[in-house]
Amino acid sequence: MGKADSVFEVIGPIMIGPSSSHTAGAVRIGQIAGAILSEPAVKAVIYLHGSYALTGKGHGTDKALVAGLLGFGAADERISKSLKIAKEKGLLVKFRRVDLGDDYHPNTARLLLQGNKGTNFEITAISVGGGNISVIELNGLPIKLSGEYYTLITIHKDQPGIVAQASEIIAKNNVNIATANVTRQRRGGLAVMAIEMDQPLPLEAVKQLEKVAQIVRFIQPVY
Amino acid sequence: MNYRNLRDLIRLAEKRGEKIGEIVIAVEAEQKDMTSEKVREEMVTVWRVMQASIRRGLAEENRSVSGLSGGDAKLVAKTKPSFLSRRILKAVAMALGVAEVNAAMGKIVACPTAGSCGIVPAALTEAANRLKLSEEDVILALFTAAGIGIVCSINASISGAEGGCQAECGVAAAMAAGALTELAGGTPKQVGHAAALCLSNMLGLVCDPVAGLVEVPCILRNAGALMQALLAAELALAGVESRIPVDEVIGAMDEIGKALPESLRETAQGGLANTPTGQKLNRDLPLD
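Source: prediction; values computed, not measured.

K.L.:
Would you mind showing me how to read the overall build of chain A here?
P.N.:
If you tally the helices and strands in chain A, you get seven helices and eleven strands. Computed over the C-alpha atoms, the radius of gyration of chain A is 17 Å, within 12% of the 17 Å expected from 2.2 N^0.38 for a compact globule of 223 residues. When the backbone C-alpha atoms are referred to their principal axes, chain A occupies close to 50 × 40 × 35 Å. Here chain A holds 223 residues, and 52% of them are scored as buried. Across chain A, contacts joining residues at least 24 apart in sequence account for 67% of those joining residues at least 6 apart. Roughly 9700 Å² of accessible area belongs to chain A as shown, and the carbon and sulfur atoms make up 50% of that amount. The distance from the centre of the 24 positive side-chain charges to the centre of the 19 negative ones in chain A is 7 Å.

K.L.:
How should I be thinking about helix 2 (residues 20-37) of chain A in this particular structure?
P.N.:
Since the α-helix turns once every 3.6 residues, residues separated by three or four places project in the same direction. Residue and element names in this part refer to chain A. For helix 2, which comprises 18 residues, the first-to-last C-alpha distance of 24 Å matches the rise-based estimate of 26 Å (1.5 Å per residue) to within 8%. A bend of about 25° at Ala26 is the largest found in helix 2. With 16 of its 18 residues buried, helix 2 lies for the most part within the structure. Once helix 2 finishes, Ser38 follows within two positions and takes phi at roughly 55°, a positive value.

K.L.:
Just to check I follow, could you spell out the sheet that holds strand 9 (residues 177-184) of chain A for this structure?
P.N.:
Strand pairing within a sheet occurs via backbone hydrogen bonds; the two strands may be parallel or antiparallel. All names here are of chain A. One open sheet accounts for four strands, arranged 9-10-8-11; its pairing is antiparallel. Of all the strands in the sheet, just strand 9 and strand 11 (215-219) have a single pairing partner and so form its edges. In this sheet, adjacent strand axes meet at a mean angle of 10° when their direction is disregarded. Bridge count between strand 8 (residues 150-157) and strand 11: five bridges; the pairing is antiparallel. Residue Thr154 lies in a different strand from strand 11, and its bridge partner there is Val216. Along the sheet, helix 2 makes contact with strand 8 and strand 11, crossing strand 11 at roughly 135°.

K.L.:
Whenever I open this one, the packing of helix 7 (residues 135-155) of chain B against helix 12 (residues 246-259) of chain B confuses me. Can you help?
P.N.:
Packed helices, taken two at a time, are described by the angle their axes make and the gap between the axes. Residues and elements named next belong to chain B. In contact at an axis separation of 9 Å, helix 7 and helix 12 are set at 50° when each is read in the N-to-C sense. Here helix 12 runs oblique to helix 7, going by the angle between their axes. Crossing hand, helix 7 versus helix 12: right-handed. Here Val151, Cys152 and Asn155 of helix 7 lie close against helix 12, whose contacting residues are Asp247, Ile250, Met253 and Asp254. Partitioned by chemical class, the residues of the contact of helix 7 with helix 12 number four nonpolar, one polar and two charged.

Rules and cut-offs
For every chain, the first residue of the written sequence is number 1, and numbering continues from 1 along that sequence. All chains are assigned letters beginning at A, and all ligands numbers beginning at 1, according to the order in which they are written. Owing to the predicted nature of the model, reporting of local features is limited to residues with pLDDT of at least 70; listing and counting of side-chain atom pairs is limited to 80 or more, with chain, interface and lining totals taken over all residues. Side-chain measures were taken over the full set of non-hydrogen atoms in the model, leaving aside hydrogen atoms and water. In DSSP terms, a helix is any run of H or I states spanning at least four residues, a strand is any run of E spanning at least two, and both are numbered starting from the N terminus. The globule rule is 2.2 Å times the number of residues to the power 0.38, and the radius of gyration it is compared with is taken over C-alpha atoms. Here's how the labels work: a residue is buried when its accessible area is under 20% of the maximum for its type, exposed when over 50%, partly exposed in between, all with a 1.4 Å probe on protein chains only. Here a residue-residue contact requires only that any non-hydrogen atoms of the pair lie within 4.5 Å. Residue-level accessible areas treat just the shown protein chains as cover; the underlying method is Shrake-Rupley with a 1.4 Å probe. None of His or the chain ends enter the tally, which takes Lys and Arg as positive and Asp and Glu as negative. Here the site of a charge means atom NZ of a Lys, CZ of an Arg, CG of an Asp or CD of a Glu. To estimate how far a helix should extend, the number of its residues minus one is multiplied by 1.5 Å. A residue's bend is the angle separating two fitted axes: one through the seven residues that end there, the other through the seven that start there. One requirement defines pairing of two strands: DSSP has to find at least two bridges between them. Geometry is summarised by axes, namely lines fitted to C-alpha atoms with helices restricted to the contacting stretch, and by angles between N-to-C directions that run from 0 to 180 degrees. What sets the label is the angle itself: under 35 degrees gives roughly parallel, over 145 gives roughly antiparallel, 65 to 115 gives roughly perpendicular, and the rest give oblique. Should the near helix be turned counterclockwise from the far one by less than a right angle, the crossing is left-handed, whereas a clockwise turn marks it as right-handed. Note that Gly is not counted as nonpolar here; it falls among the polar residues with everything else outside the nonpolar set of Ala, Val, Leu, Ile, Met, Phe, Trp, Tyr, Cys and Pro and the charged set of Asp, Glu, Lys and Arg.

What follows is the structure in structure tokens.
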């Protein structure tokens, strides 16, 4: 955790314990993964790496990730019962400990999700301290988003014009961009774009992008 | 208006004839473009959660998932003290209780972190009961505590992984010591001395959690830190001054934190975590 620039960073957040990185951060990873899936999950295979694998059980990291998938926030007292609630809701969860190698942050979770409409996603995210997180891979493509902002995500075929189109739509709606990044598998292959914004985008603006991208997601901040 | 260290805060408070907490509220309101009223209201929400965590901490055993903690707060609360006053022992039980609630996946307020969440709520509840304070007084004192915490985060750290336990329980204790001093009628200078005396007594404390969990020794360190806060406030109110100015003590904490080996910064590789029993507790933990 760095310099606090608010009173409520040193007296706060209000959260479910025991750990901001292993519990509150894990909830946020689950929340953002659930938002990217954007339909109720029916199956989740969750890989835990590093400290998440070694101390996750005692920190309730497993329960926190599933609570987030169910849409609970970091201060929701249902977190400790989330595994039971998931079962009741028909969400099948499996946990696996994994060694992704030294290149990965010690607090890494990789979620393989299947939604009730058949959508599949693979999301890898890290918990970087103080409850802050970063999604680092989406379906194997490198990405960077924090969940602190309104976020537009697209997965599209790498071709000229998409980035311009997205920024035009964002500008037209008078929305300010906080961060933006685009990466691709290879030239002409699949590309992923994540744009973090200070204000929300209207639904019809998001719909416009669905014409040019295979997958479009607009996500609310999870903080 | 802004502040980067406690000298700034103390000067501003003296110049304006206000309490440190009032300066902290004004700066927060200005920077977040909110009214002071709104900032206070947000802290009322925080205080209510703190109080609820104390109630749960005293009422239940709060066993953790790992089985390493729970039950000590209740045990202490029902014990007739041999050395401490009844009230102080009750405050100790509160600090333990909140920390146990945290370990048992209950709702708490990180203050400044989840691992050190019991110290400020216990100190302020004791002060509120003892001095018959209004909720308004306590809210103001929480801002005083926050000002001290912010200054520590700017000039040192409030993360065990960066600065050891001194940065978590140590800073929490300094926050509590300052708030207690202000509540008992201390001047802004005395608030600074209380924070300095308190932190001086907690310098060097390492972060060595058994099995990497926020339980052993974290929960009991909340009790120890509370006692340091009460002691420092008492000393400062008596007129004892820290020979080293508070901002220099915070600087020393930063230097010490940076000098700590990684094994003693929340990695569970050294200290109590690395004792034969600490290692055994780690091995015996349920993984699935």
